[in-house]
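Here is how the chains run, residue by residue.
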Amino acid sequence: MSSLMRRDVLIVIVTVAGIQSEETRMRQAAIRLAADFPRKRAIVTGAASGLGLAFARRLAAAGWTLGLIDRNLAELTGVRNVLAGADQTIYIYHVNVADPEGVTAAVERFATAEHGLDLMINNAGVAVGGEFLATPLADWRWIVDINLMGVIHGCRAALPHMRAVNLGCIVNIASAAAFACGPGMSAYNVTKAGVVAL
């Protein structure tokens, strides 16, 4: 068994049967979510690439109305153009999750347009590597602002809409780095441990 670190997820590569089993579990989870939330209204941060894009693809294929948030407008526009179906609405918001007002405004616009929000996936994340003392404070601030504060901003923006109807689901993406801390990754590890602690 080998592992590969990508953005915010530790991907464990096992056998083809194991991967197919994971795909089946993801499909079943999507079916359960759709049953719990028949209006199927979701926001995904970091949706222009990586794991966020994978979430967006899965939800779009299941017919969810999506609000996609990312700091890369060109890639985000491309994602919308690829995922949008004839009868499906996909909103895009060019926002850096480190900006609390921007995140709140995007969530507010989506929830107003769709009369609510069922699912918030706080996925946006970045990585910084290097020994503790060699990691500049600017890098610490940057990664904390995105990986930890970005999740906090997403939760604070989504919760009022969910509390208003006593229904909703928030998924905060962390990493095995939160508890299996690799050397030279302390800034990243700290942010993911913070997400787990939420």
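Higher on the page you've got the structure.
Given the structure is predicted, the values throughout are model-derived calculations rather than measurements. (Residues numbered from 1 in each chain as written. Predicted model: local features only at pLDDT ≥ 70, side-chain atom pairs only at ≥ 80, totals over all residues. Heavy atoms only, no water.)

S.K.: I'd like to hear about helix α3 (residues 73–83), residue by residue, with values.
M.R.: Within an α-helix, residues lying three or four positions from one another point in the same direction, as the helix has 3.6 residues per turn. Looking at α3, one finds that the buried residues are Leu76, Val79 and Leu83. Projected down its long axis, α3 shows its buried positions confined to an angular sector of 60 degrees, all on one face. What points out from α3, more than 90 degrees from its buried face, is the exposed set Ala74, Asn81 and Val82. Buried residues along α3 sit in contact with α2 (50–61), β4 (65–70) and β5 (90–94). A distance of 3.3 Å separates the backbone nitrogen of Ala74 from a side-chain oxygen at the start of α3, and that oxygen is part of Asn72. (Buried < 20%, exposed > 50% of the residue type's maximum accessible area, 1.4 Å probe, protein only. Helix = DSSP H or I, 4+ residues; strand = E, 2+ residues; numbered from the N terminus. Arc of directions from axis to C-beta. Contact = heavy atoms within 4.5 Å. Polar contact = N/O pair within 3.5 Å; in protein donor to acceptor, adjacent residues only side chain to side chain.)

S.K.: Tell me about the pairing of β4, and please be specific about residues and values.
M.R.: Among the six residues of β4, six are classified as buried, and the element is accordingly described as predominantly covered. Neither face of β4 is exposed, since Thr65, Gly67 and Ile69 on one face and Leu66, Leu68 and Asp70 on the opposite face are all buried. Pairing of strand β3 (residues 41–45) with β4, which is carried by five bridges, proceeds in the parallel orientation. Along β4, the bridge assignment pairs Thr45 with Ile69. Crossover β3 to β4 through α2 is right-handed. Where β4 meets β5, five bridges bridge the pair, whose relative direction is parallel. When the sheet's bridge partners are listed, Leu66 is paired in β5 with Ile90. (Pairing = 2+ DSSP bridges. Right-handed = clockwise from strand over helix to strand, strands pointing away.)

S.K.: Residue-level account of the pairing of β3, with values.
M.R.: Across the five residues that make up β3, a large majority, five, are buried. Taking every second residue as pointing to the same face, both faces of β3 are buried, with Arg41, Ile43 and Thr45 on one and Ala42 and Val44 on the other. Where β3 lies against strand β6 (residues 119–122), three bridges are found, and the strand directions are parallel. By the bridge assignment, Ala42 is partnered in β6 with Leu119.

S.K.: Report on the pattern of salt bridges, specifying residues and quantitative values.
M.R.: Overall, the coordinates contain one salt bridge when judged by the stated rule. Here Asp118 makes a salt bridge to Arg41, at a shortest N to O gap of 2.9 Å. Residue Asp118 is located in the loop between α4 (100–114) and β6, and its partner Arg41 is located in strand β3; the two are separated by 77 residues in the primary sequence. Judged by its relative accessible area of 8%, Arg41 falls in the buried class. (Salt bridge = Lys/Arg side-chain N within 4 Å of Asp/Glu carboxyl O.)

S.K.: Break down the sheet that holds β4 for me, citing the residues and quoting the values.
M.R.: Read from one edge of the open sheet, five strands run β5-β4-β3-β6-β7, paired in parallel fashion. With one partner strand each, in any of the chains shown, β5 and β7 (169–172) form the two edges of the open sheet. The mean inter-strand angle of the sheet, taken between neighbouring strand axes irrespective of direction, is 10 degrees. Packing of α2 onto the sheet brings it into contact with β3, β4 and β6, and relative to β3 it is tilted by some 165 degrees. Sheet strands in contact with α3 are β4 and β5, and its direction is about 180 degrees off that of β5. (Axes fitted to C-alpha atoms, helices over the stretch in contact; angles between N-to-C directions.)

S.K.: Could you give an account of α2, with specific residues and numbers?
M.R.: For α2, which comprises twelve residues, the first-to-last C-alpha distance of 17 Å matches the rise-based estimate of 16 Å (1.5 Å per residue) to within 8%. Elements in contact with the buried residues of α2: β3, β4, α3 and β6. Just beyond α2, the residue with positive phi is Gly63, at close to 85 degrees. (Expected span 1.5 Å × (residues − 1).)

S.K.: Can you lay out the packing of helix α5 (residues 137–163) against helix α6 (residues 186–197) for me, pointing to particular residues and giving the numbers?
M.R.: Where α5 contacts α6, the axes come no closer than 9 Å and their chain directions differ by 20 degrees. By the criterion of interaxial angle, the relationship of α5 to α6 is roughly parallel. As for the relative orientation of α5 and α6, their crossing is right-handed in sense. Counting all contacts with α5, which are made through Trp140, Ile143, Val144, Asn147, Leu148 and Val151, the residues of α6 involved are Ser186, Ala187, Tyr188, Val190, Thr191, Lys192, Gly194 and Val195. Per-class residue counts for the contact of α5 with α6 are nine nonpolar, four polar and one charged. (Parallel < 35°, antiparallel > 145°, perpendicular 65-115°, else oblique. Left-handed = near helix turned anticlockwise from the far one by under 90°. Nonpolar A, V, L, I, M, F, W, Y, C, P; charged D, E, K, R; others polar.)

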